Amino acid sequence: MVSAEKLSENKAALRRFLESFRYNTGLNFISGILHLLTDDYEKDDGRIRFEMAIKSLKEYESSERQEILTQIFKLSGYMKDSNKEFLSEALINEFPNKTVDIYENVKDNYSLIQVLKQSINKIKKVSGRLF
């Protein structure tokens with residue numbers, strides 16, 4: 001794994017590119033991941049850029065999107081628990097049908113709560129039909 005110092009250096013270099021290529025999905029994605037890995041997702045525009053990049057994943061082919069998600073899941077293993085929750089929130093907001101998959105891979109409290117809420121809603125629907 002790359003050191004925190006090196007990640008911060010990369011983030012500074014990336015900032016210069018972002019000034020020129022403001023809406024580049026790849027750069028926004030890298031920026032968001034670096035902010036998640038360096039524990040400053042809420043600072044600067046880490047959250048905004050990452051959410052923009054995740055939103056654009058819907059335009060990708062299903063197999064490409066799944067490969068990107070798989071790589072994101074691998075990177076989540078290097079994140080603090082609080083940043084895993086930010087990651088899950090961004091992913092679930094765009095891909096609510098993948099909530100269980102997100103939880104199984106990221107293993108954070110935010111996605112667990114969302115899985116439980118979805119399960120409770122399913123139980124309520126089924127029990128409502130029974131009575």
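Just so you know, the residues in each chain are numbered from 1, in the order the chain's sequence is written. Residues qualify for local features only when their pLDDT is at least 70, as the model is predicted, and side-chain atom pairs are given and counted only at 80 or more; totals for whole chains, interfaces and linings, by contrast, use all residues. Water and hydrogen atoms play no part in the side-chain values, which are based on all heavy atoms of the structure.

Enquirer: How do you make sense of the overall build of the protein when you look at a structure like this?
Expert: Looking only at helices and strands, the protein has 7 helices and 0 strands in total. Taken from the N to the C terminus, the helices and strands of the protein come in the order α-α-α-α-α-α-α. With the C-alpha coordinates of the protein rotated into their principal frame, the extents come out at 60 × 30 × 25 Å. Between two residues, a contact is recorded if the distance between any of their heavy atoms is within 4.5 Å. Summarising the internal contacts of the protein: among those between residues at least 6 apart in sequence, 49% fall at separations of at least 24. When the accessible surface of the protein is split by element, carbon and sulfur atoms take 54% of a total near 8,300 Å². Secondary structure is summarised from DSSP: a helix means a run of H or I of at least four residues, a strand means a run of E of at least two, and numbering begins at the N terminus for each. All accessibility values rest on the Shrake-Rupley procedure with a 1.4 Å probe; residue burial counts only the protein chains present in the view.

Enquirer: Looking at this model, I keep getting lost on the packing of aromatic side chains. Mind explaining?
Expert: The relation between two aromatic rings is expressed through the spacing of the ring centres and the mutual angle of the planes. The criterion for an aromatic pair is that two Phe, Tyr or Trp rings (for Trp, the six-membered ring) have centres within 6.5 Å, with stacked assigned to planes under 30 degrees apart, edge-to-face to planes over 60 apart and tilted to the rest. Within the structure shown, the criterion is met by 3 aromatic pairs. Geometrically, the ring pair formed by Tyr41 and Phe50 is edge-to-face, given 6.3 Å between the ring centres and 75° between the ring planes. Categorising residues by exposure relies on relative accessible area from a 1.4 Å probe, with only protein chains included: less than 20% of the type maximum marks a residue as buried, more than 50% marks it as exposed, and the intermediate range marks it as partly exposed. Given a relative accessible area of 1%, Tyr41 falls into the buried group. In textbook terms, an aromatic cluster arises when at least three aromatic residues are bridged by ring pairs, as seen for Phe29, Tyr41, Phe50 and Phe86.

Enquirer: How do you make sense of a nonpolar patch on the surface when you look at a structure like this?
Expert: Patch members must show over 30% relative accessible area and no salt bridge, and they are joined within 9 Å when carrying like charges or within 5 Å when they are nonpolar side chains of Val, Leu, Ile, Met, Phe, Trp or Tyr. Salt bridges are identified by distance alone: a Lys or Arg side-chain nitrogen within 4 Å of an Asp or Glu carboxyl oxygen. Residues Tyr23, Ile48 and Met52 make up a contiguous nonpolar surface patch of roughly 350 Å² in combined accessible area. Inspection of the secondary structure assignment puts Met52 in helix H3 (residues 46-56).

Enquirer: What should I look at first to understand helix H5 (residues 81-94) in this one?
Expert: Residue pairs spaced three or four apart in an α-helix point in one direction, given the helix's 3.6 residues per turn. Take the residue count of a helix, subtract one, and multiply by 1.5 Å to get its expected span. Helix length check: H5 (14 residues) gives 20 Å between terminal C-alpha atoms against 20 Å at 1.5 Å per residue, within 8%. Asn83, Lys84, Leu87, Ser88, Ala90, Leu91, Ile92 and Glu94 are the residues of H5 that are buried.

Enquirer: Looking at this model, I keep getting lost on unusual backbone geometry. Mind explaining?
Expert: Note on backbone geometry: most residues besides glycine have negative phi, and most peptide bonds are trans. At Asp39, a residue that is not glycine, the phi angle is positive and equals roughly 65°. Of note, the phi angle at Lys107 is positive, near 55°, even though the residue is not glycine. One can find Lys107 in the loop between helix H6 (99-106) and helix H7 (109-130). Lys107 gets classed as exposed once you look at its relative accessible area, which sits at 55%.

Enquirer: Teacher, can you tell me more about helix H2 (residues 25-37) here?
Expert: The end-to-end C-alpha distance of H2 is 18 Å, a good match for the 18 Å that 13 residues give at a rise of 1.5 Å each. All of the buried residues in H2 are Leu27, Asn28, Ser31, Gly32, Ile33, Leu34, His35, Leu36 and Leu37. Measuring from the side-chain oxygen of the N-cap residue of H2 to the backbone nitrogen of Gly26 gives 3.0 Å; that N-cap residue is Asn24. One or two residues past the end of H2 sits Asp39, with phi positive at roughly 65°. We call two N or O atoms a polar contact when they sit within 3.5 Å, provided that within protein one can donate a hydrogen and the other can accept it, with sequence-adjacent residues counted only if both atoms are side-chain atoms.

Enquirer: When you look at the nonpolar core in this model, what are you seeing that I'm missing?
Expert: As a rule of thumb, soluble globular proteins bury nonpolar side chains together. Residues Leu36, Phe50, Ile54, Leu87 and Leu91 are the most contacted members of the largest nonpolar core, which totals 23 residues. When contributions to this core are tallied by element, the ones reaching two or more residues are helix H1 (4-20), H2, H3, helix H4 (62-76), H5 and H6. With 5 residues, H2 is the largest single contributor of residues to this core. Excluding residues that lie within four positions of it along the chain, Ile54 makes contacts with Ile72, Ala90, Leu91, Glu94 and Phe95. Residues grouped as a nonpolar core are buried Ala, Val, Leu, Ile, Met, Phe, Trp, Tyr and Cys residues, joined through side-chain atoms within 4.5 Å.

Enquirer: Where do I start with the pattern of salt bridges in this structure?
Expert: Opposite charge on two side chains lets them pair, provided their charged atoms get close. Scanning the model with the defined rule gives 7 salt bridges in all. We note a salt bridge from Arg47 to Glu42, for which the minimum N-O separation is 2.8 Å. When salt bridges with common partners are traced through the structure, they connect Glu42, Arg47, Glu51 and Glu89 into a single cluster.

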